Amino acid sequence: MSLQPPFFGKRPADPVNTRPTHPTASSQPGSAAGVGGAPSGHASAAPAPAAAPATAQPVALVSGAPVKEGGSKLTVGPNIKLKGVEITDCDTLVVEGTVEATMDSRVMHITELGAFKGSADIDFAEIHGEFNGDLTVREKLVIYSTGRVSGKIRYGKVVIQEGGQLMGDIQFDTAKAGKSMGASILPA
């Protein structure tokens, strides 16, 4: 009679380390490594490369929005629909899916597949996808070549990459912008 490992295997005893980076015969006490044709780990195998630290420096945003370490960030992932909410006290909103909401925040980043419909009052906005509604950007609005912004738009500064679209009731908000000039165009 031969020993066979369980069909789905056993869960590790340590709940903190549920996914070992390199399984070895010694990583599971009492395991029958090598029995029943199951592959066994080798102590002399090269260790797995170290993962990048979680505190890696983020990529600088074109909008010039200062990246706040440890700030609150909400990411609405692809194929996710968030509807009928009010988003407050959020430093950064990343929209990869669809959001229908009202928000007062610091930074909004809409990816190419992302869409935001509603009202937003923010400091910095980077639009690769679609925005439809009332948008007030106190500092800088950046619309990329794939970006489409429509509705009632107020901004301090605006940068539109070739191909980007800005439609609707658009107004330079001089009270918020100070002495800065309003618009510029980015090459493709």
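Quick notes on the rules
- Residues numbered from 1 in each chain as written.
- Predicted model: local features only at pLDDT ≥ 70, side-chain atom pairs only at ≥ 80, totals over all residues.
- Heavy atoms only, no water.
- Core = buried A, V, L, I, M, F, W, Y, C linked by side-chain atoms within 4.5 Å.
- Buried < 20%, exposed > 50% of the residue type's maximum accessible area, 1.4 Å probe, protein only.
- Helix = DSSP H or I, 4+ residues; strand = E, 2+ residues; numbered from the N terminus.
- Contact = heavy atoms within 4.5 Å.
- Lys, Arg positive; Asp, Glu negative; His and termini not counted.
- Salt bridge = Lys/Arg side-chain N within 4 Å of Asp/Glu carboxyl O.
- Polar contact = N/O pair within 3.5 Å; in protein donor to acceptor, adjacent residues only side chain to side chain.
- pLDDT = per-residue confidence, 0-100.
- Phe/Tyr/Trp six-rings, centres within 6.5 Å; stacked < 30°, edge-to-face > 60°.
- Pairing = 2+ DSSP bridges.

Participant: Teacher, can you tell me more about the nonpolar core here?
Facilitator: Taken as a class, soluble globular proteins show a tendency for nonpolar side chains to be buried jointly. With 25 residues, the main nonpolar core has L93, M103, M108, F116, F131, L135 and L141 as its most contacted residues. At the level of secondary structure, the elements contributing two or more residues to this core comprise β2 (81-95), β3 (98-110), β4 (115-127), β5 (130-143) and β6 (148-161). Not counting the four nearest positions on each side in its chain, L93 is found in contact with L74, V76, I87, M103, V107, M108, H109 and F116.

Participant: What should I look at first to understand the environment of S145 in this one?
Facilitator: For S145, the position within the fold is in the loop between β5 and β6. Under the relative-accessibility criterion, S145 is labelled partly exposed at 37%. Put simply, S145 and G129 are 16 residues apart on the chain and 9.2 Å apart in space, counted from C-alpha to C-alpha. Excluding residues that lie within four positions of it along the chain, S145 makes contacts with Q161, E162, G163 and G164.

Participant: What is the right way to look at the side chain of E126 in this model?
Facilitator: Looking at the element boundaries, E126 is found in strand β4. Within the buried set, E126 has no salt-bridge partner at all; the shortest N-O distance to an opposite charge, 7.8 Å, is to K140. A polar atom in the side chain of E126 sits 3.3 Å from the side chain of H109.

Participant: Would you mind going over the confidence of the model for the chain with me for this structure?
Facilitator: Do not read the fine detail of predicted coordinates wherever pLDDT is low. Within the chain, residue pLDDT values average 74, and 55% of them lie at 70 or more. Scored below 50 in pLDDT, residues 17-61 shows 21 contacts in the model against residues more than four places distant or in partner chains. When the criterion is pLDDT under 50, residues 177-182 qualifies, and its contacts beyond four places in sequence or with other chains add up to 12 contacts.

Participant: Whenever I open this one, the packing of aromatic side chains confuses me. Can you help?
Facilitator: Geometry of an aromatic ring pair is reported as the spacing of the ring centres plus the angle between the planes. Throughout the structure, instances matching the rule amount to 2 aromatic pairs. Look at F116 and F131: their rings are 5.3 Å apart centre to centre, the planes differ by 5°, and that puts the pair in the stacked class. Of the two residues, F116 is situated in strand β4 and F131 in strand β5; the sequence distance between them amounts to 15 residues. For F131, a relative accessible area of 0% puts it in the buried group.

Participant: I tried to follow the pairing of β2 on my own but got confused; where do I start?
Facilitator: In summary, the side chains of a regular strand alternate between the two faces of the sheet. With 4 bridges joining them, strand β1 (residues 73-76) and β2 adopt parallel strand pairing. Counted as the bridge partner of K73 is T92 from β2. Here 11 bridges tie β2 to β3, and the two strands are oriented parallel to one another. By the bridge assignment, K83 is partnered in β3 with E100.

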